[in-house]
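If you want the building blocks of each chain, they are given just below.
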Amino acid sequence: MKQAGASFALLVALVVAVAVLQPTVADRLRPKGYKQTVQKLQKFYVEFEAEVSREFRRWKREGVMSPRFREIIASSRIGTHERAPELRELPTAREGAFCGICRGFGGSVLELRREGASREEVYNTTVELCTLLNLQEEHICRGLIDLNIDPILYIVDNRPQLTSGPLCAVVFQSDACVLEDPTFSDWAVDIDPNGTPVTASKSGTPQRGPNDLKIVQVTDLHFDPNYRTGYNADCGAPACCRESQGIPEDPAAGAGHWGDYRACDTPWNAVEDLIDRVVEDHSDADYIYHTGDIIDHGIWETSIGYNVRSIAQVIDKLREAFPDTPVYNILGNHEAHPTNVYALGDIGRNDFSTNWLYHLSADLWSHWLPRATAQTIRLGGYYTALVRPGFRIVALNNNDCYTFNWWILYQPDALVTQLQWLHDVLLQAERAGEKVHILAHLPISSDCFSVWQREYRRILERFRDTISGQFHGHTHKDEFNVFYGAEQPEFAVGVAWNGGSGTAHTNVNPNYVVYYVNPETYEVTDFESYAYNLTAANLTPDERPNWFRMYSFQDEFGVSDLSPAGMDELIQRLATPFGRDDLRRYWEFKVKLADASLANGCSDSCLLNHLCEIVTNQSGDDRKCQELSDMFD
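Predicted model, so just to flag it, every value in this text is computed and none were measured. (Residues numbered from 1 in each chain as written. Predicted model: local features only at pLDDT ≥ 70, side-chain atom pairs only at ≥ 80, totals over all residues. Heavy atoms only, no water.)

Engineer: I keep staring at the packing of helix α4 (residues 95–114) against helix α6 (residues 138–158) and nothing clicks. Help me out?
Structural biologist: When two helices pack together, you describe them by how their axes are tilted relative to each other and by the distance separating the axes. Running from amino to carboxyl end, α4 crosses α6 at an angle of 75°, the nearest separation of the two axes being 10 Å. As summarised for this structure, α4 and α6 are arranged roughly perpendicular, according to the angle between their axes. Residues L110, R113 and R114 of α4 form the contact with α6, whose own contacting residues are L153, V156 and D157. When the residues that make up the contact of α4 with α6 are grouped by side-chain class, the tally is three nonpolar, no polar and three charged. (Axes fitted to C-alpha atoms, helices over the stretch in contact; angles between N-to-C directions. Helix = DSSP H or I, 4+ residues; strand = E, 2+ residues; numbered from the N terminus. Parallel < 35°, antiparallel > 145°, perpendicular 65-115°, else oblique. Contact = heavy atoms within 4.5 Å. Nonpolar A, V, L, I, M, F, W, Y, C, P; charged D, E, K, R; others polar.)

This is the structure in structure tokens:
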């Protein structure tokens, strides 16, 4: 989640925001004159960076902040409410301010390190800036920076050409932060040239049938072993309701038995109940997709041992629940330690390696997978498996493309490795006449590095007839994304479904999704989302939550089919005044009818932003959003 800071200090502290999901509304729309404003900002950044550098050097030389430097810091402080949302979901007007903070303070801390500052000096400086800029409370700043400072120092020391400009442009990835360094963009997947041009939207299987396969998706459980009923749910940290945060004086601020709408993760009893409900109510499921984020949001105090224990506990529960039903697991950004940090390329430091997680995953997942999958899991946490003749799973570890994965700054072209593997697997599947489901934790639109987004879209477009479905997690929302041709944006080429979350963090009800899949085309023909109302569940802590079928997509929206063409038809309808009620209903289901979100409501501009989220899959490409905006108005 993108946050306002960004000196080096801020970069490190920004990991906080990465953990804190669930903003209330995206801000995809660009106001008139936006491009001109961005052009003016580029000049401002240079001037601001120079002034911050001058005052920063004076502070380090004299040991006291000048009145002007304190004034700059005070004007740059973020609001406490801005700690949580991702940058892409904050108002567009704040993008330039955040990029300016990053450029200004980031350049100064980069200079400090390159002029010989020790780890201790950089650490103390960044903790002070993190606190003064209100990125988090001091103890959280200390924990986050201590966990992340060593890989970041390594990157800065070994990439002497890295400056604050591209650094901020990669991490913040907004149009207001322009990426001009070709080092980050001059790489590409080698695409097989035998594909057919996009001349129409991809159509598909009409309706749900009696022989459809049944696939259950469980995602974003975010199990917190430190969750305690009655403890402080309004603590202001990325994760609350924890034992160390004490019992609040106001009972209304206490954590509920089954979870909490505030910044709290999932108690073990709620994790068990969700998995048990799937077993009890969907014993005929053919497959389970478990799409990552087992670990909680206490990202300032994780460790390898801590993560291993939580991961093993959840996978053991899944193995107990589904001994004979194939479970296809993937990694979430929270599984890594430090959070989000997945090593890329040839680092040469074993202490920075993610191999511990890959080897653990290969061992824990082996109960359900062919032995051959272990090779790529141990290499990079991804794999492919033939589920049945004609049907293949490709399970990605696309957490490497997360803009908060610091290693993108070190060797961005290393991102090509897994993408090229994906392409090659799809090419073999095409030649074998197989259909493919792709599992990936991060939605392509959700803070993946823009160049990775570009290359993934090229692959998707080339193999659109082979890829029958995409399944994501991460956002905690019950939503979907539609992909359009890069050069022919009038044609829809793919659909990705999001399973929501087992956690209520933040302002959503827990849920899971049941998909119905045609046994010949392997396309989704319908899906049902199941949830429980957290308010009601916490009123009866001695009783299990009352799970209910929230909706059937086909029944609710009456689409001809769930193909890219069918979903494009729905989107066109949602963009008109006649579809406004359906769009509002889509938003209500997106937040899973959670009392906390429904109470906040969603204005027409809010609804339009949610509609734009469906069709925006590459940073900077807002063509479809603008088209829908024109229809909407």
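Engineer: What exactly am I supposed to notice about the side chain of N617 here?
Structural biologist: Counting through the fold element by element, N617 comes out in the loop between α19 (604–615) and α20 (623–632). A distance of 2.8 Å separates a polar atom in the side chain of N617 from the backbone oxygen of V482. Setting aside anything within four residues of it in sequence, one finds N617 in contact with I444, S445, Q453, R457, N481, V482 and F483. (Polar contact = N/O pair within 3.5 Å; in protein donor to acceptor, adjacent residues only side chain to side chain.)

Engineer: Explain the pairing of strand β9 (residues 492–498) to me, please; I cannot follow it from the model alone.
Structural biologist: For a regular strand, side chains alternate in direction, first toward one face of the sheet and then toward the other. Counted residue by residue, β9 has seven buried out of seven residues, so it is predominantly covered. As defined by bridge partners, strand β7 (residues 467–472) adjoins β9 across three bridges and the pair is classed as parallel. Paired with F471 across the bridge in β9 is W497. Bridge analysis of strand β8 (residues 480–484) against β9 gives five bridges, and the strand direction is antiparallel. Within the sheet, the bridge partner assigned to F483 lies in β9 and is G494. (Buried < 20%, exposed > 50% of the residue type's maximum accessible area, 1.4 Å probe, protein only. Pairing = 2+ DSSP bridges.)

Engineer: I'm lost on the pairing of β8 in this one. Help?
Structural biologist: Within β8, five of the five residues are buried, which leaves the element mostly enclosed by the surrounding structure. Residues of β8 alternate between two faces, with F480, V482 and Y484 on one and N481 and F483 on the opposite face, all of them buried.

Engineer: Just checking my understanding: could you explain the state of the cysteines for this structure?
Structural biologist: Disulfide: a covalent bond connecting the sulfur atoms of a pair of cysteines. Tallying each qualifying case throughout the model produces eight disulfides. Across the disulfide from C241 sits C264; the S-S distance is 2.0 Å. Taking the torsion about the sulfur-sulfur bond, which here is approximately 70°, the covalent link between C241 and C264 counts as right-handed. Of the two residues, C241 sits in the loop between β1 (213–218) and α8 (268–281) while C264 sits in the loop between β1 and α8, which places them 23 residues apart along the sequence. Both residues of the pair, C241 and C264, count as buried. (Disulfide = S-S within 2.5 Å.)

Engineer: Before we go on, may I ask you to explain the nonpolar core in this structure?
Structural biologist: Across soluble globular proteins, you tend to see nonpolar side chains buried next to one another. Of all hydrophobic cores here, the largest spans 102 residues; its most connected members are Y328, F480, W497 and F553. Excluding residues that lie within four positions of it along the chain, W497 makes contacts with Q217, Q470, F471, H472, E479, F480, Y515, V524, F527, L562 and M567. In this structure, F98, L112, L344 and A496 belong to the second largest nonpolar core, which totals 92 residues. (Core = buried A, V, L, I, M, F, W, Y, C linked by side-chain atoms within 4.5 Å.)

Engineer: Mind showing me how you'd approach the pattern of salt bridges here?
Structural biologist: Once the charged atoms of two side chains with opposite charge are near each other, the side chains can pair. Scanning all chains against the criterion turns up 43 salt bridges. Residue R208 pairs with E528 through a salt bridge whose shortest N-O separation is 3.4 Å. On the criterion of sequence distance, the pair formed by R208 in the loop between α7 (164–172) and β1 and E528 in strand β11 (residues 524–531) is long-range, its members being 320 residues apart. For R208, a relative accessible area of 36% gives the class partly exposed. With its nearest N and O atoms 2.8 Å apart, the salt bridge here joins R585 to E588. Placement of the pair is R585 and E588 together in helix α17 (residues 580–590), with a separation of three residues, close to one helical turn. (Salt bridge = Lys/Arg side-chain N within 4 Å of Asp/Glu carboxyl O.)

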